[in-house]
Amino acid sequence: MNGRTVLERFPAGGPRGSWPAEEFAQARRLEGLPAEVVMDLATDTFLVIVRGGESAAAVTV
């Protein structure tokens, strides 16, 4: 296992000037989760993830 939990997926082709994955990740960080955005090239989507095994396992979406 790679030790990360995917919280949400966003298509890479969002509206110009809109960063929905970054906005979602920022909202999770304000809640205390160490959320970050990564790109999944295979599916052309942005993933909002939390790294780590135990702390990420407690995350509910």
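This is a predicted model, so every value here is computed, not measured.

*Asks:* Explanation requested: the sheet that holds strand β3 (residues 45-51) in the structure shown.
*Replies:* Two strands in a sheet stick together by hydrogen bonds in their backbones, pointing the same way (parallel) or opposite ways (antiparallel). The strand order across the open sheet built from three strands is β1-β3-β2, with neighbouring strands paired in antiparallel fashion. Edge positions in the open sheet fall to β1 (4-11) and β2 (35-40), since each of these has one partner strand only. Going across the sheet, the axis of each strand differs from the next one's by a mean of 30 degrees, ignoring polarity. As paired strands, β2 and β3 are joined by six bridges and run antiparallel to one another. Bridging across to β3, Val38 finds its partner in Leu47. Sheet contacts for helix α1 (residues 20-30): β1, β2 and β3; angle to β2, the most-contacted strand, approximately 155 degrees.

*Asks:* Where do I start with the pattern of salt bridges in this structure?
*Replies:* One side chain can pair with another of opposite charge once the charged atoms of both are near each other. Using the criterion set out here, one finds two salt bridges in the structure. Of the charged contacts in the structure, one is a salt bridge between Glu36 and Arg51, with a shortest N-O distance of 2.9 Å. With Glu36 in strand β2 and Arg51 in strand β3, this residue pair connects regions lying 15 residues apart in the sequence. On the basis of relative accessibility, which here comes to 27%, the residue Glu36 falls in the partly exposed class. Of the residues examined, Arg51 reaches a relative accessible area of 47% and is grouped as partly exposed.

Reading the values: rules and limits
Residues numbered from 1 in each chain as written. Predicted model: local features only at pLDDT ≥ 70, side-chain atom pairs only at ≥ 80, totals over all residues. Heavy atoms only, no water. Pairing = 2+ DSSP bridges. Helix = DSSP H or I, 4+ residues; strand = E, 2+ residues; numbered from the N terminus. Axes fitted to C-alpha atoms, helices over the stretch in contact; angles between N-to-C directions. Contact = heavy atoms within 4.5 Å. Salt bridge = Lys/Arg side-chain N within 4 Å of Asp/Glu carboxyl O. Buried < 20%, exposed > 50% of the residue type's maximum accessible area, 1.4 Å probe, protein only.

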